[in-house]
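Secondary and tertiary structure notes
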Amino acid sequence: IFAPSHHHPMAARANLTVAEGLLAAFIDAQNTPSIRWIEAGIDQESIVQTGNGDAQGDVAEDFARLASSLNHESPAFIAFCVSEGVEEGNCARRWTFISWVPENSKVRSKMLFSSSRDDLKKALGAGYFSNEYFATDAHDMAWDTYTKSTRDLSGEEQPLSEVERLVKEEALLEKDTSTRSSAMAAIAFPIEDDVRAQIKEFLTGNVTVIELTLTTTETVGLGSAHSIEPSAVLGQISELVSNTEPRFLLVKHPNSSSDVAPTSTFFVYSCPEEAALRMKMTYSSAKSTIIAETAEEGIKIDKALEVNDTKDIEAAISSEATAQSADDSGGNAPLKHAASESKPRRPGKGRARLSTKMKFKPDLS
């Protein structure tokens, strides 16, 4: 008899990677009403897309088509959309996460799918899924069985509870791939010794720019370190940073006011649009951890910025430095948002995108 699945905390994790193609396909499906479901399977050490189905009828008819297409000897994960089209107000499409694990599956396959289910949901964005469904045979994949076992009754509009409303809002926030990973739990990335050495030089003023990377062994590595006169940093910084991969930067910039310290320290998260999706997710997840770890090393960050183009770093720092000099509270104000400034269009490239900038005071307690 079918019953909704429950995650067992003690189950071993398979630690499989989620293919970028699968992540991209699911993100695209949020604005593609013609996609009814996306199917995924395990290929060696990765979870990959193995198929998809178009919306050809109503939800019940398409669910029946999905059921008839499933392999009864091989497990699969299916993200099935129970919304009709894209809902008004740009609300996120509602999805059910289906774990199809037929009885005839090999034991090893059953174990792999069971241990990687939660990791896949987390990678895709748990906020997209209004419920989870576990099926092992044709009876479980009958529409009547599904509707009796879940609260998503044929996609009909129902009054939203407070929890359901928050789930929808979370899903909307996760639509942007550069911010979707911020909903993931922060990942611990220890700082390597050469980074610590450069941080000491940064604290003494001998180094004014540090570029940080994330290594394949999940540590914070040194990309580069530069001794540039603070007043000349902005003229060179965009040429020092990768324009194809995410990076974290620590930058010293001179203060114009005599009432504050000679320089301010900026933390910049540079995440180019063309960077690989999985890399964006990893860097975004590590950002808060790295800010905290650099604070533990003695660095007091005055501003935390985020840009999607290395050419915008100069404008972002200049804008914040100007705002800081005009701010009576200096760098000691509580965390708050500052309005982004509009910029003239760059020839041939449209408007430069500068993300929301924040005033940041690390908590060293």
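Going by the structure above, here's the rest.
First, a word on scope: everything that follows refers to the structure included in this document. (Residues numbered from 1 in each chain as written. Predicted model: local features only at pLDDT ≥ 70, side-chain atom pairs only at ≥ 80, totals over all residues. Heavy atoms only, no water.)

Moving on, we get to the side chain of Glu211. Looking at the secondary structure, you find Glu211 in strand β7 (residues 209-214). The exposure class assigned to Glu211 is buried, which follows from its relative accessible area of 6%. At 2.7 Å, the side chain of Glu211 forms a polar contact with the side chain of Ser224. Here Arg247 takes part through its side chain, which lies 3.0 Å from a polar atom of the side chain of Glu211. Not counting residues within four places of it along the chain, the set of residues in contact with Glu211 comprises Gly221, Leu222, Gly223, Ser224, Leu240, Val241, Ser242, Arg247, Phe248 and Leu249. (Helix = DSSP H or I, 4+ residues; strand = E, 2+ residues; numbered from the N terminus. Buried < 20%, exposed > 50% of the residue type's maximum accessible area, 1.4 Å probe, protein only. Polar contact = N/O pair within 3.5 Å; in protein donor to acceptor, adjacent residues only side chain to side chain. Contact = heavy atoms within 4.5 Å.)

Let us now look at empty space enclosed by the protein. For the structure shown, the criterion picks out one cavity of 30 Å³ or more. Its volume calculated, the largest cavity comes out at about 50 Å³. Lining the largest cavity, in full, are Leu22, Phe26, Ile38, Glu39, Ala40, Phe77, Ile78, Ala79, Phe97, Leu120 and Leu124. Taken together, the elements giving at least two residues each to the lining of the largest cavity come down to α1 (20-29), β2 (35-43), β4 (76-81) and α3 (107-124). The residue makeup of the lining of the largest cavity, split by class, is 10 nonpolar, no polar and one charged. (1 Å grid on protein atoms, 1.4 Å probe; cavity = no way out; pocket = protein on both sides within 12 Å on 5 of 7 lines; lining within 4 Å. Points joined across faces, edges and corners; volume = space filled by probe spheres on them. Nonpolar A, V, L, I, M, F, W, Y, C, P; charged D, E, K, R; others polar.)

Summed over the entire model, instances satisfying the criterion amount to 15 aromatic pairs. Seen in terms of ring centroids, Phe26 and Tyr128 are 5.2 Å apart; in terms of plane orientation they differ by 85°. Their pairing is edge-to-face. Here the residue Phe26 occupies a position in helix α1, and Tyr128 occupies one in the loop between α3 and β6 (129-135), the gap between them amounting to 102 residues. Classification of Phe26 by relative accessible area gives buried; the value is 1%. (Phe/Tyr/Trp six-rings, centres within 6.5 Å; stacked < 30°, edge-to-face > 60°.)

This next bit is on the side chain of Lys252. With respect to the helices and strands, the residue Lys252 is situated in strand β9 (residues 247-254). For the buried Lys252, no salt bridge is present, and the opposite-charge side chain at shortest range is Asp302, 7.7 Å distant. (Lys, Arg positive; Asp, Glu negative; His and termini not counted. Salt bridge = Lys/Arg side-chain N within 4 Å of Asp/Glu carboxyl O.)

Our focus in this paragraph is the nonpolar core. The biggest cluster of nonpolar side chains holds 25 residues, and the ones touching the most others in it are Phe26, Ile47, Trp95, Leu120 and Phe129. Put simply, the parts of the chain that give this core at least two residues each are α1, β2, β4, β5 (95-100), α3 and α9 (277-296). The dominant element in this core, judged by the number of residues it contributes, is α1, at five residues. Phe189, Val195, Val207 and Ile299 belong to the second-largest nonpolar core, a separate cluster that totals 21 residues. (Core = buried A, V, L, I, M, F, W, Y, C linked by side-chain atoms within 4.5 Å.)

Looking now at the pairing of β7. Extensive coverage of β7 is indicated by the burial of six of its six residues. Across six bridges, β7 lies against strand β8 (residues 220-226) in antiparallel orientation. Bridged to Leu212 within β8 is Leu222. Where β7 hands over to β8, the hairpin turn is made up of five residues, of which Glu218 adopts a positive phi near 60°. Judged from the four bridges that link them, β7 and β9 form a sheet pairing that is antiparallel. Among the inter-strand pairings, Leu212 is bridged to a residue of β9, identified as Phe248. (Pairing = 2+ DSSP bridges.)

So, to be careful, I would describe these as geometric facts and stop short of saying anything about function.
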